Amino acid sequence: MSDRITLGHGSGGRLMHQLLDEFKKVFDLPGLEDAHEIEDRIALTADSFVVKPIFFPGGDIGRLAVTGTINDLAMKGAIPRYLMITYIIEEGFPIDDLVKISESAQKIADEVGIKIVGGDTKVVEKGKGDGIYITTFGVGIIPDGISLSTDRIEPGDRIVINGPIGDHGVAIINAREGFGLATDLKSDCAPLSQLVQEMLKVGGVKFMRDPTRGGVATILNEVYQETGYGIIIVEEELPIRPEVRGACELLGIDPLYVANEGKVIAFTKGDPGDIIRVMRQNRYGGGSCCIGRVEEDLDGVYLKTRIGSLRPLIMLSADPLPRIC
Amino acid sequence: MSSTIIDRFRDPRLAQRILDRIKGYGVEIKLMEVCGTHTMAIGRFGLRKLLPPEIDLLSGPGCPVCVTPTSVIDSVLSLKGVRVATFGDLLRVPGRGGTLEMARGRGLDVRVVYSPFDALKMAREKETVFIGVGFETTAPGVAATIITAREEGIKNFSVLSAFKLIPPAIDALLASGKSRIEGFILPGHVSTIIGSRPYQFLPERYRIGGVIAGFEPVDILEAIRDLIDQKMSNRPRIKIGYRRSVRPEGNERAKELMNRVFTVEDSLWRGLGWIKRSGLTLRDEYAQFDASRRYQLLPPSIDDDPNCRCGDVLRGLIKPPSCPLFGRSCTPDHPIGPCMVSSEGSCAAYYHYE
């Protein structure tokens with residue numbers, strides 16, 4: 001075990017979970033979910049954003065910050081209400097860019113009806129930051145009768161997603177490294193609270209998570225670890241854009257471990273046909289489909305491949321490393 | 001979503017037909033997939049579980065990270081005041097002084113690049129050393145980068161060459177006499193560069209056949225089927241199964257670039273030891289771009305944990321779970337041997353998929 005933080009500790013894989021175990025020894029944490037219900041159906045969340053590049057196809061760090069906070073609240077079934085936003089800015093950062101970032105943050109807040117009520121601004125010396133970092137703090141209200149938890153998951157439940165996998169991660173890496181791959185591809189960065197409320201009205205949703213860092217495979221592994229029930233997802237059913245698939249093939253990474261910023265994975269009771277029909281009406285749910293189910297006598301998370309084999313999807317140690325050849 | 005050329009090589013019905021024929025033969029055979037990308041593909045598509053038990057697939061030495069001596073990492077860690085550019089695979093490979101990722105946490109300027117040309121771009125700002133690890137696949141691109149550096153008069157750039165050649169390693173495996181391998185699944189990417197001719201020694205001297213294969217399930221299954229067929233008819237030969245990429249003569253332009261910049265020398269392989277004429281070093285004309293001469297780095301040496309059996313894994317003598325460290329003290333989070341750290345290493349592939 002290394003005695004210092006490596007980038008791997010921030011990547012959502014096993015290394016990060018080891019770090020969380022250290023925190024659990026110090027803090028008396030009720031859970032490790034991104035948002036937490038404190039009292040009287042109030043949900044609380046905090047998040048921070050260090051994305052590079054700051055402006056990317058499909059969004060920027062401001063849109064991402066508000067979206068990410070909204071989605072963390074939404075996954076608890078909460079209606080996002082208030083948000084505070086903190087900037088840590090590196091000396092020399094263009095004020096125009098700061099305004100653009102703030103405007104795109106406000107635009108998402110308006111779309112969802114969340115109120116940005118304050119925050120903080122700090123400036124650090126040139127070289128002590130990377131342009132701009134954002135931290136947010138969000139509050140939402142959980143409607144009566146909503147209770148989402150892995151405790152409710154049981155064998156036979158279906159797993160539903162609202163569209164193509166891996167767009168955000170591939171769009172970012174493409175913009176950052178200038179591969180010139182998949183040039184029309186945009187991040188899927190989108191606020192999901194309205195979609196989620198429509199899904200909850202249909203009924204039958206037991207648990208939801210947004211597959212951000214670590215991607216779909218990591219979320220499914222977390223659910224497996226908490227419930228002890230195995231999961232099978234079906235390769236043929238997975239919505240993955242050809243350009244994402246192609247870029248991932250070239251880089252030697254698996255889209256199932258790539259970050260998304262506008263996706264929800266929902267565990268639903270029985271046939272999800274009605275939920276999927278409703279999801280597809282929403283602007284962020286056009287590609288909704290069922291990708292798998294929860295199994296009784298199975299250990300671990302598996303992908304049923306096109307040629308019929310079962311491939312284990314384990315939790316990665318850290319970010320997948322691009323391969324040499 | 002929409003169908004691509006790749007889908008034809010993942011066609012479940014075609015794969016099933018080939019599998020049925022393999023099962024129909026009922027022949028026991030020991031095959032080696034030389035290339036780490038094949039090892040990963042076999043795991044990723046779950047082929048081992050679909051194949052009948054009489055087909056024994058062993059993973060070979062074609063994983064660049066796995067065969068790179070630990071001392072290469074330690075040489076890099078000894079550099080001061082330079083920027084280190086590397087492919088991502090090397091970041092978590094432990095040397096005696098830790099990994100490059102840990103060194104970055106301590107302040108060494110380590111950058112992950114996807115192309116050696118990115119490293120050359122960085123050299124315009126700061127003295128940059130690119131770690132040249134890999135096989136015939138990656139060497140031509142690095143050669144082109146070095147040629148460009150010379151043409152553009154960029155003096156801040158050098159390459160630590162640990163490049164290795166695949167055919168001499170296969171030859172060394174067989175020459176040891178211990179191997180029971182009856183056929184090779186030969187690497188598709190390496191062969192795209194070198195072609196099929198450098199493997200002719202396999203049928204001629206050892207009476208063992210090989211199929212150069214692509215990386216999709218149908219490619220790999222068909223290579224296995226062909227190798228069984230070769231064994232049954234006792235007519236070993238080198239076949240190109242990856243015709244959409246490989247020609248018998250290879251890529252002449254890439255080979256020319258490689259020859260212009262590099263010369264062949266004996267090379268130290270982690271797990272396998274010294275192999276004659278199996279590595280690439282920079283020619284004297286390009287000495288100024290040779291990091292080992294520029295910084296007077298020590299020649300490679302091996303300092304492995306005596307319990308680690310990566311060498312036997314790379315030689316195809318044992319499978320990863322037979323190593324006493326596998327899955328216990330050696331995991332992807334705490335790799336002891338190199339076969340665990342690279343995503344293409346056979347131990348990592350077994351840990352993830354089997």
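Residues numbered from 1 in each chain as written. Chains lettered and ligands numbered in written order. Predicted model: local features only at pLDDT ≥ 70, side-chain atom pairs only at ≥ 80, totals over all residues.

A. Quick look at the overall build of chain B. Within chain B, the regular secondary structure consists of 18 helices and 11 strands. Its C-alpha radius of gyration of 20 Å places chain B within 12% of the 20 Å reference for a compact globule of 354 residues. Referenced to the eigenvectors of the C-alpha coordinate spread, the extents of chain B come out at roughly 60 × 50 × 45 Å. Considering only intrachain contacts with a sequence separation of at least 6, the fraction spanning at least 24 residues in chain B is 76%. (Helix = DSSP H or I, 4+ residues; strand = E, 2+ residues; numbered from the N terminus. Rg over C-alpha atoms; globule rule 2.2 N^0.38 Å. Contact = placed C-beta atoms within 7 Å.)

B. Up close: the overall build of chain A. For chain A, the count of helices and strands is 8 helices and 14 strands. The C-alpha atoms of chain A give 19 Å as radius of gyration, which agrees with the globular expectation for 325 residues (20 Å, within 12%). Across its three principal directions, the C-alpha atoms of chain A cover 55 × 55 × 45 Å. Taking the contacts inside chain A whose residues are at least 6 apart along the sequence as the reference set, 83% of them involve residues at least 24 apart.

C. View of the sheet that holds strand β5 (residues 128-134) of chain B. Residues and elements named next belong to chain B. Within the open sheet, the 4 strands sit side by side as β4-β3-β5-β6. Their pairing is parallel. Each edge of the sheet is formed by a strand with only one pairing partner; in this case those strands are β4 (109-112) and β6 (157-163). Sheet twist, expressed as the average angle between the axes of neighbouring strands with direction ignored, equals 25°. For strand β3 (residues 83-86) and β4, the ladder comprises 4 bridges, and the chain directions are parallel. Paired with R83 across the bridge in β4 is D109. Seen against the sheet, helix α6 (residues 70-77) touches β3, β5 and β6 and runs at an angle of roughly 165° to β6. The sheet strands contacting helix α8 (residues 116-123) are β3, β4, β5 and β6, and the helix crosses β5 at an angle near 170°. (Pairing = 2+ DSSP bridges. Axes fitted to C-alpha atoms, helices over the stretch in contact; angles between N-to-C directions.)

D. Representation of the nonpolar core in the model. If you look at the biggest cluster of nonpolar residues, it comprises 116 residues, and the most contacted ones within it are F184, I185, I220 and I224 of chain B. Those residues in contact with I185 of chain B that lie beyond four places of it in its chain are L31, M32, E33, V34, H38, V211, A213, I220 and A223 of chain B. Counting 84 residues, the second-largest nonpolar core is a separate cluster that includes M208, L220, C248 and L251 of chain A. (Core = buried A, V, L, I, M, F, W, Y, C linked by C-beta atoms within 7 Å. Buried ≥ 20, exposed ≤ 12 C-beta atoms within 10 Å, placed from the backbone.)

E. Seen up close, the sheet that holds strand β9 (residues 205-209) of chain A. Residue and element names in this part refer to chain A. The mixed open sheet is built from 7 strands, whose spatial order is β9-β11-β8-β12-β10-β13-β14. In this open sheet, the two strands that pair with only one neighbour each are β9 and β14 (310-312). Each adjacent strand pair in this sheet contributes to an overall mean axis angle of 25°, direction not counted. Here strand β8 (residues 158-161) pairs with strand β11 (residues 265-268) via 4 bridges, running antiparallel.

F. How the structure looks around helix α6 (residues 215-227) of chain A. Residue and element names in this part refer to chain A. Taking 1.5 Å per residue as the helical rise, α6 with its 13 residues ought to reach 18 Å, and the 19 Å between its terminal C-alpha atoms agrees with that figure. Of all the residues in α6, the buried ones are G215, V216, A217, T218, I219, L220, N221, V223 and Y224. At its buried positions, α6 is contacted by β9, β10 (230-234), β11 and β13 (301-304). Immediately beyond the C-terminal end of α6, within one or two residues, lies G228, with a positive phi of roughly 80°. (Expected span 1.5 Å × (residues − 1).)

G. View of the interface of chain A and chain B. Taken residue by residue, the interface counts 31 residues in chain A and 38 residues in chain B. Where the side of chain A that touches chain B is concerned, the elements lending two or more residues are α1 (14-26) and β14 of chain A. The greatest single-element share of the side of chain A that touches chain B, amounting to 3 residues, is contributed by β14 of chain A. Looking at the side of chain A that touches chain B, its residues break down into 17 nonpolar, 7 polar and 7 charged. (Nonpolar A, V, L, I, M, F, W, Y, C, P; charged D, E, K, R; others polar.)

H. Local environment of the pairing of β3 of chain B. All names here are of chain B. Assessed by its sense of winding, the connection that carries the chain from β3 through helix α7 (residues 100-105) to β4 is right-handed. With 3 bridges joining them, β3 and β5 adopt parallel strand pairing. Bridge assignment links A85 to a residue of β5, and that residue is F130. (Right-handed = clockwise from strand over helix to strand, strands pointing away.)

I. Just the packing of helix α5 (residues 193-202) of chain A against helix α8 (residues 273-281) of chain A, in detail. Residue and element names in this part refer to chain A. Running from N to C, α5 and α8 cross one another at 150°; their axes reach a closest spacing of 9 Å. Put simply, α5 runs roughly antiparallel to α8. Viewed along their axes, α5 and α8 form a crossing whose handedness is right-handed. The residues of α8 that touch α5, namely those facing L195, E198, M199 and V202, are D274, I275, V278 and M279. Residues of the contact of α5 with α8, tallied by class, amount to 6 nonpolar, no polar and 2 charged. (Parallel < 35°, antiparallel > 145°, perpendicular 65-115°, else oblique. Left-handed = near helix turned anticlockwise from the far one by under 90°.)

J. Quick peek at the UniProt feature "domain: PurM-like N-terminal" (unreviewed entry) in chain A. Those residues carrying the UniProt feature "domain: PurM-like N-terminal" (unreviewed entry) are residues 39-142 of chain A in this numbering. Helix makes up 32% of residues 39-142 of chain A and strand makes up 42%, while its end C-alpha atoms are separated by 10 Å. (UniProt positions renumbered as here; feature names shortened; annotations may be inferred.)

K. Spotlight on α6 of chain B. Residues and elements named next belong to chain B. With 7 of 8 residues buried, α6 lies mostly within the body of the structure. All of the buried residues in α6 are T70, S71, V72, I73, S75, V76 and L77. Where α6 is buried, its residues meet β3, α7, β5 and β6.

L. Local environment of the pairing of β8 of chain A. Residue and element names in this part refer to chain A. Residue alternation in β8 divides its side chains into two sets, R158 and V160 and I159 and I161, and both sets are buried. Pairing between β8 and strand β12 (residues 289-295): 4 bridges, direction antiparallel. Its bridge partner lying in β12, V160 is registered against C290.

M. Seen up close, the domain arrangement of chain A. Residue and element names in this part refer to chain A. Segmentation of chain A into domains returns domain 1 (33-141) and domain 2 (150-312). The straight-line distance from the C-alpha centre of domain 1 to that of domain 2 is 24 Å. Every contact between the two is made by 22 residues of domain 1 and, on the other side, 22 residues of domain 2. Broken down by element, the side of domain 1 that touches domain 2 gets its largest block of residues, 9 residues, from helix α2 (residues 61-75). Considered class by class, the residues forming the side of domain 1 that touches domain 2 number 13 nonpolar, 6 polar and 3 charged. (Domains from an automatic or database assignment.)

N. Local environment of the domain arrangement of chain B. Residues and elements named next belong to chain B. When its domains are assigned, chain B resolves into domain 1 (5-63 + 167-240) and domain 2 (66-166 + 250-294). For domain 1 and domain 2, the distance between their C-alpha centres works out to 30 Å. Residue-level contacts link 16 residues of domain 1 with 19 residues of domain 2. Of all the elements in the fold, those that place two or more residues in the side of domain 1 that touches domain 2 are β2 (55-62), α10 (166-175) and α11 (188-194). In the side of domain 1 that touches domain 2, the residues fall into 12 nonpolar, 4 polar and no charged.

O. Spatial organisation of the environment of G166 of chain A. Residues and elements named next belong to chain A. Its place among the elements puts G166 in the loop between β8 and α4 (167-177). Along the primary structure G166 and I240 are separated by 74 residues, whereas in three dimensions their C-alpha atoms are 7.2 Å apart. Residues contacting G166, with those up to four places away along its chain left out, are I240, V244, C248, P255, V258 and N260.

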